[in-house]
Structure formats: structure tokens, C-alpha cells
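Structure assessment
In case you want the letters, here they are:
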Amino acid sequence: ACGSGGDGGDGGDGGASGDVTMTMLPKNLGNPYFEASTAGAQEAADELGATVEEVGPDTASPDSQVPFINTAAQQGVSALIVSANDPTAIGDALDEAKSAGTKVVTFDSDTEPQFRDLFVNQASAEGIADKQLELISDQIGGEGEIAILSASANATNQNAWIKLMEEKLASDYPDITLVETAYGDDDDQTSFDKTAALLQSHPDLKGIVSPTTVGIAAAARYVSTSEYKGKVAVTGLGTPNQMREYVEDGTVEAFALWNPNDLGYLATEAAAALVAGDITGAEGDTFDAGRLGEYTVGADGVVVLGEPFVFDKSNIDDFDF
Amino acid sequence: MRTHARPWWQRALLTREMLTVLILVAAWVVASATVQGFDGPLTITYLVLDVAPVLLIALPMTLIIATGEIDLSVASVVGLSSVTFGLLHQAGADLWLALPASVLLGAVCGALNGALVAYGGLPSLAVTIGSLALYRGLAVGLLGTTAVTDFPESWTDGATEKLGESPWPAITLGLVLLIAVFAVLLHATPFGRNVLDIGRSSEAARFSGVDVKRTLLILFVLSGAVSALAGVYYTLRYGSARGDNATGLELQVVAAVLLGGVSIFGGRGAMHGVVAGVLLIGVLGSALRLEGVTVNVINIVIGTALVVSVVAPRIAGGLRVRRRSSAGHGS
Amino acid sequence: MSALLRRREAGIALALLVVIGVTTAIQPGFLLSSGGFRDLLLTPAILVVLAVGQAVVVITRNVDLSVGSVLGLTAYLTGRLFIEAPDLPIVVVALVAVAAGAVLGLVNGSIVAFARVPALVITLGTLYVYRGIALTWAGSDRIDAGDMPRSFLALGTQQVLGIPVLTIVAAVVLAVVAYYMYTARGGRQLYAIGSDPDAAELQGLPVRRRLLGAFALGGALAGLAGVMFAARYGTVSSGAGLGIELQVVGAVVVGGVAIFGGSGTVAGAALGAMLLLTINRALPVVGIPDFWQRAVVGALIIGAIALDRVLARRRSHRLAAERDTDQPGEGGPADREEANR
Amino acid sequence: MQNAAPTLRLEGVAKSFGPVAALRSGTLVVQPGTIHALVGENGAGKSTLVKIVGGVHRRDAGVVELDGEPVDFSGPAEAKAAGVAVIHQEPASFPDLTVAENIYLGREPLGRFRRIDRRAMRAGTRQLFRDLGVDLDPDRPAEGLSIADQQIVEIAKAISLDARLLVMDEPTAALSAVEVRRLFAVARGLRDAGHAVVFISHRLDEVAELCDTVTVMRDGEHVSTDPVADVTAGDLVRRMVGRAVADLYPKVSSTPGEVVLRVEGLQSTGTFHDVSFDVRAGEIVGLAGLVGAGRSEIARAVFGVDRYDAGRVVVGGRALRPGDPTAAIAAGLALVPEDRRLEGLVTESSVARNVSAVSRRRLARLGILLPDAEARLARDWSGRLAVKAGALDAVATTMSGGNQQKVVLAKWLATGPKVLIVDEPTRGIDVGTKAEVHRLLSTLAAEGLAVLMISSELPEVLGMADRVLVVREGRIAAELSRAEATPEVVMRAATPGASAGQEGAA
Ligand SMILES: Nc1ncnc2c1ncn2[C@@H]1O[C@H](COP(=O)(O)OP(=O)(O)OP(=O)(O)O)[C@@H](O)[C@H]1O
Ligand SMILES: Nc1ncnc2c1ncn2[C@@H]1O[C@H](COP(=O)(O)OP(=O)(O)OP(=O)(O)O)[C@@H](O)[C@H]1O
Ligand SMILES: [Mg+2]
Ligand SMILES: [Mg+2]
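Quantities reported herein were computed from a predicted structural model and do not represent experimental measurements.

What counts, and at which threshold
- Residues numbered from 1 in each chain as written.
- Chains lettered and ligands numbered in written order.
- Predicted model: local features only at pLDDT ≥ 70, side-chain atom pairs only at ≥ 80, totals over all residues.
- Heavy atoms only, no water.
- Helix = DSSP H or I, 4+ residues; strand = E, 2+ residues; numbered from the N terminus.
- Rg over C-alpha atoms; globule rule 2.2 N^0.38 Å.
- Buried < 20%, exposed > 50% of the residue type's maximum accessible area, 1.4 Å probe, protein only.
- Contact = heavy atoms within 4.5 Å.
- Areas by Shrake-Rupley, 256 points an atom, 1.4 Å probe, with all protein chains shown as cover.
- Lys, Arg positive; Asp, Glu negative; His and termini not counted.
- Charge placed at Lys NZ, Arg CZ, Asp CG, Glu CD.
- Salt bridge = Lys/Arg side-chain N within 4 Å of Asp/Glu carboxyl O.
- Core = buried A, V, L, I, M, F, W, Y, C linked by side-chain atoms within 4.5 Å.
- Donors = N, O, S within 2.8 Å, 3.2 Å for Na, K, Ca; no water.
- Axes fitted to C-alpha atoms, helices over the stretch in contact; angles between N-to-C directions.
- Parallel < 35°, antiparallel > 145°, perpendicular 65-115°, else oblique.
- Left-handed = near helix turned anticlockwise from the far one by under 90°.
- Nonpolar A, V, L, I, M, F, W, Y, C, P; charged D, E, K, R; others polar.
- Buried area = accessible area lost by both parts, 1.4 Å probe.
- Polar contact = N/O pair within 3.5 Å; in protein donor to acceptor, adjacent residues only side chain to side chain.
- Patch = residues over 30% accessible without salt bridge, like charges linked within 9 Å, V, L, I, M, F, W, Y side chains within 5 Å.
- UniProt positions renumbered as here; feature names shortened; annotations may be inferred.
- Phe/Tyr/Trp six-rings, centres within 6.5 Å; stacked < 30°, edge-to-face > 60°.
- Pairing = 2+ DSSP bridges.

A count of helical and extended segments in chain A gives 10 helices and 14 strands. In summary, chain A has a C-alpha radius of gyration of 20 Å against a globular reference of 20 Å for 321 residues, a match within 12%. Counting all 321 residues of chain A, 64% fall into the buried class. Across chain A, contacts joining residues at least 24 apart in sequence account for 71% of those joining residues at least 6 apart. Total accessible area computed for chain A in this model is approximately 10,200 Å², and 45% of it derives from carbon and sulfur atoms. With 15 positive and 55 negative side-chain charges, chain A shows a spacing of 8 Å between the two charge centroids.

Rendered as C-alpha cells:
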């Protein structure tokens, strides 16, 4: 498959029905969130008769994805599905890949629009920001100090959400103050220690919002074993498997996420549609996304998966990812 | 008296550096023959673009390790210069001004290391572990969460532009020029001879009138300046000035230099070996990635190569010594 | 000398107290809240264990850069063991991880001691190799809190008489190793080897065996740190401990252990680790954005080495001056005449 | 007298280091209950013999017996275990450990739970120091101890072993008179308890005072063994240095010219004091003295590799910047240092690289150093000095000591110096090469070079120098013309003990 993949790529949209090869490039390996999205991609690829290979760096640094993008271009894969560690740093490499005939789909975390054909968004940024504010506001009774524990300081998606949350807080939640935004670098240890620091520096803190799966798990773990358990609310975006423990022990009331499996699935379907020439990434293009139904490309080449889903004690056991 | 004990081809081929060169050639040949996509023109383009920072920093690092010292702060200087370059651009400075300013800052960083090591008599390993944190901290502190990205396209394109229709990026010319400069510096100038002498016996060098302290200071300044240049390249290539650029690159550079046959104890090393060492790591990575081998196996291969490259000559040397002494015993 | 060293450690301890004091004055919760007090003790526990092991290796004039990778491997091993063999007692799991760490350390030590190659290069190589093995083994798999027994995770945060269990573990490790280094023949020989390796050979010390021991201990403690990591953070991915090696070496150096061997104490290294991490936690509290933390830590490391050198210079000047007053220029010959009469 | 087997017996023991035969035929028989002196010139092979007994080196040939049993130690630990205690000439202490720890390293007294009993260790150290009559703090670090105190620590260590054989290689070289007396008392005590003691010293008065028997060595071979009472100091000196001087020292006479090197009031606290002398063009000035007298330090300070506290060095009428060898070289100084392997040569480098080491800058054209220029210079000079090496790219480690020394000379002569300082130019060099080196120095002086020659070999100084300066304990003790300088006069001026009564007579 590898061999003919090289030929298939040259023609670009030539032989979509033949051997379609795709490369799945998460932010880094060893992250269960991306494990789930890759599983979804695999499922879609199997249905489409394409092959998908997951590669990735060991750390989520801005330039570490570039060699893998280069490799994909050299291999002439039909499509590259990537969650960007940096909106610009990988841009040139993606351009190179595109000019070699590879279709580029970003998912989860976008690059600047000119570098990719399509961005498969887990939810609209507004939707995600709103949902998280809704959750935290409910949990702290609509007033008090909150803090945000983000991923790395340059993560595109997190920064976009944080900005929207700040705006929304100012306008819609006058009694809630955001006292600090800390960065855990999507590293368990750092996130854990940063949670401790947040709680210490702000004794009146009522809640922590962590819009990243690593961060929320670390924060929940810290709070669950500290004096703050039950006093400080933790919410944000997390996976059910990581959070089950803390929902059951009452540390976390509710948190949100889309289904990363579906996200990988949709990104792969979209990539296949691009490869087949069914869509070009222009606004208004529609394509069939297998079990998820039909999707329409929005402005700026963005496809939105749907609304974020809220997990709590009542439903968490229905999920396994 | 004869000038050389062995004919020139033996002298050129039977060296530790040549071993790395030969392995590089072998790796290239094998990869071209067996790895799908490796023989394409993109390979060369990406290889050059990817190894450029490591290659640049490896040049002065070779000289520093050849004196028996080490500079672990290089990647942090890359980050700091990247941030400086970005901030100057943001502040509206002309890039033709920002570039030398960033390089100058790198030289200052190197001078601090060098002064502490040469004139303060402090161990370079410890000093540069400290400045690794210091310079990185300054870089990250200066830019915080932001990144400067709006560099003029003429500059960012320049970093990746190719030479006409060839697969060779334009920066190849600059790299080759710098390699040549450093190769001449190490191999064909009194300064380079002094560097090797210091590595072999700094005491004997001092007795021969070599200003050991000044030489070390110069080397650390060079290292800082070239790392800063690599930082500017980094910024332009990725179009993004960030404090965390090139994190962890120092160990890659050191690994490449050692793989190229430079002795960590100093006194031995050649530029062609180092260039081959850098390229070898690049080629192995490229070929293995094309084969779908993941980053973990690449790590294992590089790490093993490093250990073997120092242990193997040692074992071979040890055997030779033992054989000689047992022969002496018999006679 | 012990008096001087004691002073050196007292200096670090003092710096630590100042940091705690100033921070507490600005934000009382830093020390006075129960969580603050706990974190003060708990946060450095893992780095202390690593620093103690590294100090022993550095005292012999070597270094082990692979400890971060060893930590990653053993932390994952710990989690894996709980999944694969849920019935295994926690103690057994911990011992297996510690033993695994010791073996990895022994690999480093054997190459260094038998091939007589520099530890810096070898452990830089095994840093890559061990990390690669961890990545290969774990892949994208991650050990979650739910995969490990509650009682084990509890160790990560539980307290006995207000003192976190992990802190007690670190303290015990420190006490045992410090006791060995100070009171056992082997411990003193480690200092002798680092002080002058050639003289150690000349004296007929078992240099090789001691080096193997030092690296094995360093590895074993990195293994223990892996277990502590799993208990404390409750999640382990293949990236655990990535890049911690330079932090460990930094802590050791700040703690007054000379990078060229022979001097310093494990207690100093432990204090160095505490100081680094406490400063890390204190900076945001006193209002310095955490982006600047590394810069402060770096300046601290450089300052510590420079200070050490200044103290050493002053000491040798003083000792030389003493020598001059002991032997006045004219005294020697006069004495000798007298002796020969 | 004794029927029992001797404590130590060496017969025809040989040891070579590469091309250097350090010990050709070492023979030594030491009876229990005696103190046995071993004397001989520098490089006679005394220390090498001691190192073989102490298990540091392995012999190439010969017999070593302890109490009649043949032994072959594979390491120092084995020798120690067999009851041999050695105080080596260059003490190897561990600077970071305390004095007490240094003494008891590896065999510390243990208390409960096998933990080191520091109190016992301290008490033991105090007792040892009391026996030796010195006042050293057992808890201070060994770092910064004076050579004398280091020697004391070594002595204490050796005595504490309570070995049946105690070997002391020049233990008194750095000791004060009081310390020497205490040491002698301890040594006599050991003798009276039936231990055997080997004592090496260049001070013949000490030998006469302390020892029962004396063995003389020369050029790695045994010369004679006699009861001390049966030989005079004069006999010993003659046996130590007795060789055909005429061939070895082909002195060419020349008329000294202007003063090129002038040293005025040079002082380095604790090492040398008020050193003033000058050297003229075409003149060889010998700097004689005992080991440790400070001659090397003076040379190093003059050349600028060491700093000094007071005084100045003037070359060709201009004062040199202190502590700057580059300036000294530019002014026309050259130093062939004492330690060839450490200071004189980059031993890992080739002959060509070593020869051109100082002249590099001059050889470079537009900053580029062409291998050809280097090779030409090296070929030229190694030809003139008749360096024997396989090729110009032969690594210096592979060469014999004499050839290495010629390379060092070549390196400095290639700079065209005005003043050549040579420190022990023929140490460890075989007799033939020695004569060549001497001829060379003589010729150079005749051509107008000013030569300052440090040598511990009296015949060399006497045979080569136009003028002899004798250094004793860091001061110039005598200045002798070629005619005045006889071995007896020089020795008396150099030896602290011998001088007082007899200096007037000389
Ligand atoms: N490291 C040291 N610490 C203290 N004193 C020292 C040290 N090195 C040398 N000395 C002292 O300096 C003086 C000169 O010693 P040095 O060995 O240079 O004399 P020398 O005349 O050159 O003898 P040699 O024949 O061995 O070259 C001696 O008194 C010695 O004790
Ligand atoms: N490790 C070695 N390698 C090469 N040559 C050596 C070595 N050790 C000693 N020699 C040489 O062997 C010869 C004998 O040296 P040795 O030290 O035994 O003399 P010595 O009689 O003790 O002299 P001194 O009175 O100066 O101490 C000298 O020529 C010396 O240079
Ligand atoms: Mg000797
Ligand atoms: Mg001398």
C-alpha cells in the first residue's frame, strides 16, 4: 500500500477510489484524547477502504511536527490530518505538502486558514466557551473568583476559547472574576503543580476551568485529595475515562467534551471527500460523513462537529474513551 | 625523515571521522534503494532545512568540545535570539537591524558563559546548565504567551527558498560557507591548532604561550553568536518567534558532535566527521520516518549509535593494547 | 571541612527559609494553610529522591543524564504492573520498579566502569534509548488514576501526622543514603574516588565496584521516583519525567555538590532540590509571572556555582597563608642546624 | 648475623617504560630490625624499585621475596595486605577528605553496625601525630596542606599500617628539622620492634645518622651495599655520580657577551625569596640544588607561567609583564620545562605539530597555516637535532624520552630565542642522548645563546656550566665560577644540614 500510495498522491484528486493513504498527525503521542480520535479515523478509513497511519512527535513543541509533515509530503500521501501545535510554525511545511498534492485537513487545533484545505472543528469556539462558562457558573452559584488552567501558552484553540470566555465573562457574568490563567503545558506534572499554585495564590478561589483534557484531570486529581475538595469546583473539557474517578467521588460535578472519536471520524471523512474531489473546501460545499450524516463547509473552510456534550454522574458510565 | 608514516589514502580513510562518513554514505545508499520516497528531490530539501540549526550550532560546539569543555545553553540562546528578533520586529525595527542585534545578544550570552568558565575557572557543564535555564527563562519571560508571526514574506520565504529548480534550499550556500570557515579555522589556522592543544593538554598549551583563557572566551562567544544566528533562522523558517523555540536541541547537537567523532575529553575532532554526524542523524530520522517507524525507535537508534560510537573504539583500542602487551610479554 | 560544609548547607537552608518567610508574609496561605504546608513538603519529594541519587553519582566525578528516562520507564512499569497483576501487593510493585531502575543504572555504570568512557556521553545515549523504550512500550497508552488501586494513589497525597507519605519516603531515603555516605567505609571511598580517581586506584580501592554501586543506587532511586510519580500524579504517559535530568543536576549543583566530584553532601543536594522547587512555587505567589521562573532558577544555579568557587578560593588562600606563617623563611635552616648538632 | 630470611629481597628486578629502562637490575636485601638506606642520583631508579615493591608497577623480570616467599603483587591493595607500607615520593592524598579519613581510608575503625567510628579514628590520628610530634588537626581537609604536611600524613598512614616492611621514598625532602627528628625516632622504634625499614634520601647526613646499611644505585643498577659505618659520604657521592665525565660533557668555551636576562629580587611567598641573578649571551649558567629547593618555581616565574609577588624580570633591557608567557616568548625567552610529558609536549600530537607549536603564528600566511610550512619547519629542526622518529606525523607518546626531549628543544629553538631556560634537560634520558643534548646546548651557547640550566645531576651542572648558582630552600646560597665549583662545594652549599659548619671553609 505504501508503494502505490506514492504514485496516487501525484495526481492529487486523480484516483480517489483507488489507494487513498492518509497520515494522522496528533499534537503528540501518548495522549488518550488523540488515541480516541485516531480510532475514529481508523474506523472511517476502514469504511472508505483507505489506509491511515498515525505518526507524531514525543513532545508538543511547535517545530516537532514539521519532520512528520515533510515525511508525509515525501511519501506523497493523499491527505494529512493534523492537530496543530502552532498556528504558523508548521505552515510552510503544510504548504510544501499541499504543493506535492497532499490534501491538508486540520482538526482539533487549527493553523492559519491559508495553510490548510479544511478545519474540522469539534464545536464552534463560541459554543465551547459558552458551555464552559455555563458549567462553572452553575457550580459556583454564579459568583466568585475563578481561574483557568490551560495547555501550552501558544495553543491556538485554547487561546481562542480563553479570549471568548474573557469577553463573555465581562459582558454576561459580572459577579464572576477571572483571577489568573495558568499554563500546564499539557503535562500531567506541570498541570498538577500549577493547580496547587493557583489554589495557594488565590485563597478565595471558587472554581477552576481547564479547557484541556490533561489539565482538567490533573486539577481534579489535586483537588480530590486536598482540603479544597467540595469547596472548589473543577470543570472544563475532559474525557470520561480520565474523569470517571473524580465524578464518582464528587470532586467534579460536570464537564464537557465532544466525542473525539467522532471528531477523528469526521476529519477522515472530510479528507476523503477532498481527495475524491467531492469538495474543495469552499463555503457551502456539502459531503456525506458516513454514520454522522451530511455536513456543510462553513466560512473559512470550517466544518463544525456539533455542540459540546456535557458529562455528569448520570451519563458518564455510558461512555468509554 | 618522512613527513607521513602512512600513505595519504590510509590517513584519510582510517580515521574515526571517516567511519561516520562511511556510515552516512551507507545509510544513504541503503535508504535510497529500499525506502520508498527517499530518493525523491524533497528528501534533500527537507534534510537541509531540518538539520540546518543543529548543523550551525554544531560548528562552534565542535571547537568547544575539542577543548574539553561543553556548552549546553545553545538551544536557550536560540530561543532568546528568536524572541529578540521577534520583539525588535514588533517594535518596528528593520530586520536588517534586528538580525545583527540578535546575533550580538547571542554573543553577549556566550561571553557570559565564557567569562565564567575561562576567567572564573568554573566547570562549563555546571555553568551552562545554569545559563540554559537563565536564557530560556528570559526568552519565555519576554514573550509570555504571545508569538510574533507577522514577518515579511520576503524574509520567511528566504529561509526556505530553493536554488532555482534544484532541490537545494538557498541556505545551503550559507551553510557550506560557514562549514568551510569553521573547517579552516579548526584545521588550518594557528587558532585551531591551539584549540586542539588545549583539549589534549591545556597545561602544555599554556607552556607554549597559548592564551588558554582568551581562546575559551572566544569559543563561547562564537557559540553564542552562531546559536543566535540559528535562532533567527528558526524564527524565519517557522515564521514564528517564540520563547520555547528549539527546546531540548542542545542534547541533539551534543549527540551529533560526539557521533561525528569528537572526543568529549577534548583534543580530537574533525569538521567532516561532525557534518557527517549531523547528517547521519537527519538521514536516519528521515528514512525511518518514511518507513513509518515512530519517533521512539528513532530515539533508540540514535542513542545506541552514540553509545556504540564511544565504546567501540575503546574496546578496539583496548584489545590492540592488550595484544601488544601480551606480545611484549612473550618476547 | 565538615564545619565548612555544614556552613554551606546552612546557607542553602537559610535561603530556603528566607524564600518561605518572604512568600508567607505576602501570602500567608503559602505556609500557614494546611494545603500550603503540605505542598511545601510534598512538591519537592520526587526531585529530592532523584537529587540524592544523582549526588552520589556526581560525588564520584560522574553524572547520570538518563534519570528522567528511567523515571518515565519505571513510572509506566508501576502502572502496567497494577493493570496486569492487580493482586500484587503495592510493596512488591514498588520493589520491582526500584529493581528495574537499579538494573538500568547498572547498565550505565557497567559501560562507564568497564569501557572507561565518559559518563556524560553514555548516559546521554541511554537517555535517548530508555526514553525510546518507554515510548515503544507505552505508545499512546496512558495509565489513568482509575487503573491503579485507590490505596496506592492515596500514598501520593496521604499524610501521617500532617506529613505527606511521599515526603516521609524522601526523608527516609535521604537519611539512609546520607548515613551511608557519612558513616560507611564505602561511602567515604566514593568521595575518595571522586576526589582523585588515579590516587584511588593507587590506594587499591575497589573503584569499579564502587562506581557500579553508585550508578545502581542512582538508578534505583530514579525507579523509586517513578513509583512516587505514579502515586502522586495518578496518570502516567510515556513522557513522564521528560527533561527532568537537567533540573536534577541543577539541584545537585545548587546544593553544593561539586560537578567534578569529591565534595558535597546528599543533604545539600536535597536542600538544593527543595530550594529550586520552592522558589518555583513562590514566584507566582509574590507576583512574578511564572514565565520568569526559569530565569530565576538559572541565575540561582550560576550564582551558587560562583559562590562555591569564591568560598573555595578564599579557603585555599587562607590555608596557604596559614602555611606561610607556620614556616617563616628563616626557621627551616635554623631548625635543621639545631637538629644536626 | 641473621639466619632468618631477609624481610625483603630483590634480585635482578627490571622495569621499562616503553623505550626507557627505569630499572635494569634492582638488587636489595633488607634484614628485619634494620634501617636500610637507598641512595642514588635522580633517575637512578629508586622510586621505580619502590613502586614495584608497593605493587604499583609490575616488574618485567627478576625476583621479589618477602620473608623468603616469592611475591608478585597485582595491585597496591595486595602489597598492603602482605604487610608492605610505602610512602611514595609524590604523596597522593585526597584533597576533599579530612586528614584522618586520608590516613584510615578503606580500613576505618568500625563501631556498632559497621559504621565508621570517627572518635576512634580521630583518637588514632591524634596518637599518630603525637608520636610524630606534629600538630595537625585530624578534621581539617587535606586540601591546601603543605608538601611537608602531606608528607606527614603519608608517614602517619604508613606507620598506622604497622607493616613488617616500611618503605619511605624521600620522606624528609620537605620536612622541618624537628619533624625529621621525630620521624627518625619513630623509625628507630619500628626497627627496635623488629620491623624492616627502607629509607631513601638525598641527604647523606641523614643516612649516616639513621641507617644501618646503605645501598647505592646508579643508572638502574645496584652498585654497592655496605654497613653505613664502613663508608664515608665522599665514597657514596663518588659511587653515585662516578662515571666518565669527559665524554659526557663536551663543553665548548665561549666568551660571554652582554647581559640578556636579568632577574631582580624575585619573590614568591612560601616558595622562593629575593632571587637575583643575570645570564649573559653565550653563557651557560647552572642552577644547582636539592630537589624541592625551588629552582623550577624560579624558572616558571621567570617565564611567566607562574605569578610572583615581588621583583622583576628584564630581558634585553625591557621588563616583562609578570604572568604572561606570550610576552616572554615575544621577548625571546624559551622554557624547556621540567615535566616533559605534562608541560613540555602535547604528547597526543605529532612531532610536526609539537615542533611548530610556538612558531605557528609566524608560519601562517594570511592567517592560514599550511601543513607544508609546518612539515618543513619540523623536518628542518628535527634533522638538526637528529630526532629519531618513524615520521613527522608520529605521535609523541610513541617516542623515547630522549627523542621527546629533543622535540621540546626543537620547538623552542625554532622560535629563535635569546634566552633558553632548560629544567632538568636530561632527566630520564639515556647516556648517549644525554651527550648529544649537552653538545647541542654547548654549541648553542657558543653561537651566542644565553642558557640557564637547572639540573639535579651535579656532574651535568659542573660539566656544562660557566657559572653555577646554588639554590637552597628558595634562596641563592652561593654563586660559583666554573673553577670553584667542585662536587663537594656545591653539595655543601646545597644541603641545609651540611652547610653551616663548612661553608666558610669552601
Ligand atoms: N603544591 C605545593 N604546595 C606547597 N609547597 C609546594 C608545592 N609545590 C612545591 N612546593 C614547595 O616549593 C619548593 C620548591 O619545589 P620544587 O619541586 O619546585 O623545587 P626544585 O628545586 O625545582 O626541585 P626539583 O629538582 O624537583 O625540580 C619546595 O620547598 C616545595 O616544598
Ligand atoms: N611512568 C614512567 N614512564 C616513563 N618513564 C618513567 C616512568 N617512571 C619513571 N620513569 C623514568 O625511569 C627512570 C627512573 O626513575 P625513578 O623515579 O625510579 O628515579 P629515582 O631514582 O627515584 O629518582 P629521584 O631521585 O629523582 O626520585 C627515570 O629516567 C624516569 O624518567
Ligand atoms: Mg624517586
Ligand atoms: Mg625542579
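Additional details are given in the paragraphs that follow.
Turning to the pattern of salt bridges, a few remarks are in order. If charged atoms from side chains of opposite charge come close, those side chains can pair. All chains considered together, the criterion is met by 46 salt bridges over all chains. With its nearest N and O atoms 3.6 Å apart, the salt bridge here joins A:Lys168 to A:Asp172. Placement of the pair is A:Lys168 and A:Asp172 together in helix 6 (residues 156-172), with a separation of four residues, close to one helical turn. The exposure class assigned to A:Asp172 is partly exposed, which follows from its relative accessible area of 44%. D:Asp67 is the partner of D:Arg164 in a salt bridge, and the nearest nitrogen-oxygen pair spans 2.2 Å. Of the two residues, D:Arg164 is situated in the loop between helix 5 (147-160) and strand 7 (165-169) and D:Asp67 in the loop between strand 4 (61-66) and strand 5 (69-70); the sequence distance between them amounts to 97 residues. A residue is classified by how much of its surface remains accessible, and D:Asp67, at 35% relative accessible area, is partly exposed. One salt-bridge network, in which partners are shared between bridges, spans D:Arg262, D:Asp278, D:Glu283, D:Arg467 and D:Glu479.

Our focus in this paragraph is the nonpolar core. In this structure, A:Met22, A:Met243, A:Trp258, A:Phe287, B:Phe85 and C:Leu50 are the most contacted members of the largest nonpolar core, which totals 323 residues. Looking at this core, the element that brings in the most residues is helix 3 (residues 41-66) of chain B, giving 19 residues. Counting 73 residues, the second-largest nonpolar core is a separate cluster that includes D:Phe277, D:Tyr308, D:Val408 and D:Leu441.

All names here are of chain D. For the magnesium ion (ligand 4), the protein coordination sphere consists of Ser 296 (OG) and Glu 338 (OE), at 1.8 to 2.4 Å. Within this pair, whereas Ser 296 is found in helix 10 (residues 295-303), its partner Glu 338 is found in the loop between strand 16 (333-336) and helix 12 (340-344), the two being separated by 42 residues in sequence. For Glu 338, a relative accessible area of 33% corresponds to the partly exposed category.

Residues and elements named next belong to chain C. Relative to each other, helix 5 (residues 67-84) and helix 12 (residues 207-233) sit at 50°, their axes nearing to 7 Å. When the axis of helix 5 is compared with that of helix 12, the two are oblique. As helix 5 runs across helix 12, the sense of the crossing is right-handed. Across from Val 67, Val 70, Leu 71, Thr 74, Ala 75 and Thr 78 in helix 5, the residues of helix 12 making contact are Gly 219, Ala 222, Gly 223, Ala 225, Gly 226, Val 227, Phe 229 and Ala 230. For the contact of helix 5 with helix 12, a count of residues per class yields nine nonpolar, five polar and no charged.

Another aspect to go through is the interface of chain C and chain A. Between chain C and chain A, the contact holds 35 residues from the first and 28 residues from the second. Summing both partners gives a buried area of about 2,800 Å² for chain C against chain A, and 47% of it is carried by carbon and sulfur. The interface formed by chain C and chain A holds two salt bridges in total. For the salt bridge of A:Glu245 with C:Arg150, the shortest nitrogen-to-oxygen distance reads 2.7 Å. Our count for the chain C to chain A interface comes out at six residue pairs in polar contact (both at pLDDT 80 or more). Listed by contribution, the elements that provide at least two residues to the side of chain C that touches chain A are helix 2 (29-32), helix 3 (34-42), helix 8 (150-157), helix 12 and helix 14 (266-285) of chain C. In terms of residue count, helix 3 of chain C provides more of the side of chain C that touches chain A than any other element does, five residues in total. Considering only residue class, the side of chain C that touches chain A consists of 11 nonpolar, 15 polar and nine charged.

Turning our eyes to something else, we now look at the interface of chain C and chain B. It is common to give the size of an interface as the accessible area lost on bringing the parts into contact. Facing the 38 residues of chain C at the interface are 43 residues of chain B. The junction of chain C with chain B conceals about 3,500 Å² of combined surface from both sides, 82% of it contributed by carbon and sulfur atoms. Counting every contact that joins chain C to chain B gives zero salt bridges. The interface formed by chain C and chain B includes one residue pair in polar contact (both at pLDDT 80 or more). Those elements that provide at least two residues to the side of chain C that touches chain B are helix 6 (90-115), helix 7 (119-138), helix 13 (244-254) and helix 15 (293-326) of chain C.

Residues and elements named next belong to chain C. Their axes nearest at 8 Å, the elements helix 4 (residues 45-59) and helix 14 cross at an angle of 140°. The angle between helix 4 and helix 14 places the two elements in the oblique class. Crossing hand, helix 4 versus helix 14: right-handed. Mapping the contact onto sequence places Leu 47, Val 48, Ala 51, Val 52, Ala 55 and Val 56 in helix 4 and Val 266, Ala 269, Ala 270, Ala 273, Met 274 and Leu 277 in helix 14.

Right, let's get into a nonpolar patch on the surface. Residue and element names in this part refer to chain C. A contiguous nonpolar surface patch, about 550 Å² in accessible area, is contributed by Val 160, Leu 161, Ile 163, Ile 168, Val 172 and Val 176. Among the elements that make up the nonpolar patch, the one with the highest residue count is helix 9 (residues 165-183) (three residues). Within the secondary structure, Ile 168 sits in helix 9.

Residue and element names in this part refer to chain C. The UniProt feature table records "transmembrane region" (unreviewed entry) at residues 12-33, 40-59, 65-83, 90-113, 119-139, 160-182, 211-234 and 246-279. As annotated, residues 90-113 has a helix share of 100% and a strand share of 0%, and its two end C-alpha atoms lie 34 Å apart. Between the end C-alpha atoms of residues 211-234 there is a gap of 34 Å, over a span that is 96% helix and 0% strand.

The next thing to look at is the packing of aromatic side chains. Residue and element names in this part refer to chain A. Under the definition given, this model contains 19 aromatic pairs over all chains. The interplanar angle of 80° and the centroid separation of 5.4 Å between the aromatic rings of Phe 192 and Tyr 222 together place this pair among those described as edge-to-face. Remark: Tyr 222 occurs in helix 8 (residues 213-224) and Phe 192 occurs in helix 7 (residues 188-201); sequence separation between them is 30 residues. Here Tyr 222 falls in the buried class, since its relative accessible area comes to 1%. Look at Phe 255 and Phe 311: their rings are 5.2 Å apart centre to centre, the planes differ by 20°, and that puts the pair in the stacked class. With a gap of 56 residues between them, Phe 255 in strand 10 (residues 254-257) and Phe 311 in strand 14 (residues 309-312) connect regions that are remote in the sequence. Accessibility assignment for this pair places Phe 255 and Phe 311 in one class, buried. Connected via pairs of aromatic rings, a cluster forms that spans Tyr 33, Phe 34, Phe 107, Trp 161 and Trp 258.

Another point: helix 12 (residues 249-259) of chain B. Counting buried residues in helix 12 of chain B gives 10 out of 11 residues, a clear majority hidden from the surface. Regarding helix 12 of chain B, the residues found buried are B:Leu249, B:Glu250, B:Leu251, B:Val253, B:Val254, B:Ala255, B:Ala256, B:Val257, B:Leu258 and B:Leu259.

Glancing now at the side chain of B:Ser227. Tracing the backbone through its elements, the reader meets B:Ser227 in helix 11 (residues 212-238). Other than its neighbours up to four places away in sequence, B:Ser227 contacts B:Ile57, B:Val74, B:Val77 and B:Val78.

Picture the strands of a sheet paired through backbone hydrogen bonds; they go either parallel or antiparallel. Residues and elements named next belong to chain A. Strand order in this open sheet of six strands is 2-1-3-4-5-13, and the pairing throughout is parallel. The strands lining the two open edges of the sheet, one partner per strand, are strand 2 (51-54) and strand 13 (302-304). Averaged over all pairs of adjacent strands, the angle between strand axes in this sheet comes to 20°, irrespective of strand direction. Here three bridges tie strand 4 (residues 103-107) to strand 5 (residues 118-121), and the two strands are oriented parallel to one another. Each residue of the ladder has a partner; that of Thr 106, found in strand 5, is Phe 119. The sheet contacts of helix 3 (residues 66-75) involve strand 1 (21-25) and strand 3 (79-82), and relative to strand 1 the element is tilted by about 180°.

Let us look at the sheet that holds strand 20 (residues 475-481) of chain D. Residues and elements named next belong to chain D. Across the sheet, six strands lie side by side as 16-17-18-13-19-20; this open sheet has mixed pairing. Two strands bound the open sheet, and with one partner strand each, they are strand 16 and strand 20. Taken pair by pair, the neighbouring strands of this sheet meet at an average axis angle of 20°, ignoring direction. The pairing of strand 19 (residues 467-472) with strand 20 spans six bridges and is classified as antiparallel. In the strand pairing of strand 20, Val 470 is matched with Ala 478. Contacting strand 13 (284-289), strand 16, strand 17 (419-423), strand 18 (450-454) and strand 19, helix 10 runs over the sheet at an angle of about 145° to strand 16. Contacts between helix 16 (residues 401-413) and the sheet are confined to strand 16 and strand 17, with strand 16 contributing the most and set at about 175° to the helix.

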